[in-house]
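# Geometric and topological summary
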Amino acid sequence: MSSEKSIQEIYKSYVATGSVKKFMNDIKAQGIQENDPRLSQIAELTKEREQKEKKVDYENFARRSTPCCGLMKKFSERQFVIPNFEKFTKTIEDLYWRIKPNTTGKNAAYIPQLASIPDYWGISICTVDGQRFQIGDTGNGFSIQSCCKPLNYAIACEYLTSDVVHKFIGQEPSGRMFNEMVLDHNNQPHNPMINSGAIATASLIYTLIDGDQRRSMADKFDMVKTWMERAGGNERFGFNNSIYLSEKEVADRNFALGYFMKENKVFPEKTNMLESLDFYFQLCSIETSAETFSVVASTFANGGVCPLTDEKIFSVDTCRDVLSLMHSCGLYDYSGQFSFNVGLPAKSGVSGVIMLVIPNLAGIVCYSPKLDQHGNSVRGIQFCEELLKTYAIHPYDNLRHTLARRSIYEDK
Ligand code: GLN
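Residues numbered from 1 in each chain as written. Predicted model: local features only at pLDDT ≥ 70, side-chain atom pairs only at ≥ 80, totals over all residues. Heavy atoms only, no water.

This part is about the overall build of the chain. Counting its regular elements, the chain contains 18 helices and 8 strands. Projected onto its principal axes, the C-alpha positions of the chain cover 75 × 55 × 40 Å. Taking all 412 residues of the chain together, the buried fraction comes to 57%. Long-range pairs, those at least 24 residues apart, make up 68% of the contacts in the chain between residues at least 6 apart in sequence. (Helix = DSSP H or I, 4+ residues; strand = E, 2+ residues; numbered from the N terminus. Buried < 20%, exposed > 50% of the residue type's maximum accessible area, 1.4 Å probe, protein only. Contact = heavy atoms within 4.5 Å.)

Right under this line is the structure:
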């Protein structure tokens, strides 16, 4: 069916019979939120209609549907990537409640401001079609911490190319803690997903992008934050100043890492190591919520195109590189075990966030501040591992010869 035909069908079955609102409710049941930017013009129509009780003619409806014709087509053909969204979200809800009583683990205490954060628990999902679901504490703000690493790496690759970035940083898992004082056999950080590699990435963004016409740190900070916001469908990103100050005050290990890397000539020429370190702390203190961050994760799942705005944020190659490194190195010294159990790219941060990407399907963000001994959210890891016991989404699952778990795509 052409998208024009879909719009006609929707008009016939909803609008002509008097109910734009019913259309909004039905599309909502399939996971498309009322505040989805693609639906903004139709949502306006609902409001106008409520106020003035005027009849909506076809031309008006078609005009307002044009910017979201792809969405309209998928809706009318029931072609969303998760066809039975209600059933899927019921499964997620069950997992949420099953995992909630698990209060093991401890908040990261080495950043004092993180130590006192309450025992939040939330899960947010955004599919590559922009179907969204939230349960629990998904609107609460948290500092993204190490979850800035894949984004910074992606931004560095977009500006400088992955080849240039990897002249300074490797691609191997370190098998060690995230802040370990260790470099690889080339005297370079093992990968961009641990502190050494992320400090080096921050220095590349700060020092190399724009060459000698280097923008101020304030401009560079805005630049990175804007990229994040675009990847998150233009939703809210802030800055948590007390977390930033708290981290900076006790950052002996990261300062030590900075000097260690400087001694080993890890940084590009003209790097101001202390400023780069400061820039890294700032990027770790960018604040968002699970709801918004799940949109960022879905942008990575969607080959770099934000599902809510259809804007191309990262190239397909950048996305592939980010996801490869998240897969092999995203969870520090639990990465091997996680890849064995789950097989999907994920990234954690010491604030208790875990971003899981199911390529071509969805981004999922779990938020729960209590961490295990590796620095990963206990509930977040449990969720990912239990999800895999429910759905056959490990890349090496074989759907033809298994009856044990369901296919997420055919959950009718
Ligand atoms: N800002 C934290 C640090 O540099 C990030 C670490 C993390 O989230 N694992 O130590």
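Mapped onto the secondary structure, alanine 251 falls in the loop between α12 (241-249) and α13 (252-263). Owing to a relative accessible area of 5%, alanine 251 belongs among the buried residues under this scheme. For the pair formed by alanine 251 and tyrosine 110, sequence separation is 141 residues and the distance between their alpha carbons is 8.7 Å.

We now examine the packing of helix α1 (residues 3-15) against helix α5 (residues 69-76). Axis separation between α1 and α5 bottoms out at 8 Å; the angle between their running directions is 65°. The way α1 lies across α5 gives a crossing that is left-handed. Residues Ser3, Ser6, Ile7, Ile10 and Tyr14 of α1 pack against Cys69, Met72, Lys73, Phe75 and Ser76 of α5. Here the residues of the contact of α1 with α5 are counted per class, giving 6 nonpolar, 3 polar and 1 charged. (Axes fitted to C-alpha atoms, helices over the stretch in contact; angles between N-to-C directions. Left-handed = near helix turned anticlockwise from the far one by under 90°. Nonpolar A, V, L, I, M, F, W, Y, C, P; charged D, E, K, R; others polar.)

Neighbouring the ligand are Tyr110, Gln145, Ser146, Phe178, Asn195, Glu247, Asn254, Tyr280, Cys284, Tyr332, Gly349 and Val350. Contacts to the ligand include glutamine 145, whose side-chain N or O atom sits 2.6 Å from a nitrogen atom. Protein burial of the ligand: of its 300 Å² of free accessible surface, 100% is covered by the chains. More than half of the atoms of the ligand fall within 2 Å of the grid points belonging to the largest cavity. Taken together, the residues that form the shell around the ligand break down as 6 nonpolar, 5 polar and 1 charged. (Near = heavy atom within 4 Å. Polar contact = N/O pair within 3.5 Å; in protein donor to acceptor, adjacent residues only side chain to side chain. Areas by Shrake-Rupley, 256 points an atom, 1.4 Å probe, with all protein chains shown as cover. 1 Å grid on protein atoms, 1.4 Å probe; cavity = no way out; pocket = protein on both sides within 12 Å on 5 of 7 lines; lining within 4 Å. Sits in = over half its atoms within 2 Å of the grid points.)

Another aspect to go through is the state of the cysteines. Tallied over the full model, the rule gives 0 disulfides. Sulfur of cysteine 329: no disulfide; nearest cysteine sulfur belongs to cysteine 157 and is 13 Å away. Residue classification places cysteine 329 among the buried positions, given a relative accessible area of 2%. (Disulfide = S-S within 2.5 Å.)

To continue, consider the nonpolar core. Counting 104 residues, the largest nonpolar core has Ile123, Phe293, Phe300, Phe314, Leu356, Phe383 and Leu387 as the members making the most contacts within it. Broken down by element, this core gets its largest block of residues, 8 residues, from helix α8 (residues 148-160). Of all hydrophobic cores here, the second largest spans 22 residues; its members include Ile27, Ile32, Leu45 and Ala62. (Core = buried A, V, L, I, M, F, W, Y, C linked by side-chain atoms within 4.5 Å.)

A few words now on the pattern of salt bridges. Tallied over the entire structure, the rule returns 20 salt bridges. Among the ionic pairs, aspartate 210 bridges to arginine 215, the shortest N-O distance being 2.9 Å. Among the residues examined, arginine 215 registers a relative accessible area of 30% and is labelled partly exposed. Here arginine 320 and aspartate 317 are joined by a salt bridge, their closest N and O atoms 3.9 Å apart. With arginine 320 and aspartate 317 both in helix α16 (residues 316-329) and 3 residues apart, this pair spans about one turn of that helix. With relative accessibility at 45%, the residue aspartate 317 sits in the partly exposed group. Counted as one network, the salt bridges with shared partners bring together Asp210, Arg215 and Lys220. (Salt bridge = Lys/Arg side-chain N within 4 Å of Asp/Glu carboxyl O.)

An α-helix turns once every 3.6 residues. As a result, residues three or four positions apart point the same way. For α1, every residue scored as buried is listed here: Ser6, Ile7, Ile10, Tyr11, Tyr14 and Val15. Down the axis of α1, the buried side of the element spans an arc of 140°, and every buried residue falls inside it. Buried residues in α1 make contact with α2 (20-29), α4 (58-65) and α5. (Arc of directions from axis to C-beta.)

Turning our eyes to something else, we now look at α8. Spanning 13 residues, α8 covers 18 Å between terminal C-alpha atoms, matching the ideal 18 Å at 1.5 Å per step. Among the 13 residues that make up α8, 11 are buried, leaving the element largely enclosed by the rest of the structure. Where α8 is concerned, the buried positions are Cys148, Lys149, Pro150, Leu151, Asn152, Tyr153, Ala154, Ile155, Ala156, Cys157 and Leu160. Once α8 ends, the next one or two residues include threonine 161, with phi positive near 80°. (Expected span 1.5 Å × (residues − 1).)

On to the sheet that holds strand β5 (residues 286-288), then. Read across the sheet, 3 strands follow the order β3-β5-β4 without closing on themselves; strand pairing throughout is antiparallel. Each having just a single partner strand, β3 (142-143) and β4 (238-239) make up the two edges of the open sheet. Looking at chain direction, β3 and β5 are connected through 2 bridges and run antiparallel. Counted as the bridge partner of serine 143 is glutamate 287 from β5. (Pairing = 2+ DSSP bridges.)

Another point: the side chain of lysine 347. Mapped onto the elements, lysine 347 comes out in strand β6 (residues 346-349). One buried charged residue, lysine 347, forms no salt bridge at all, with the nearest opposite charge on aspartate 333 at 10 Å. From its side chain, lysine 347 meets the backbone oxygen of glycine 330 in a polar contact 3.0 Å long. Ignoring anything within four residues of it in the chain, the contact list for lysine 347 reads Ser146, Cys147, Lys149, Pro150, Met193, Met326, Gly330, Leu331, Tyr332, Val353, Ile354 and Met355. (Lys, Arg positive; Asp, Glu negative; His and termini not counted.)

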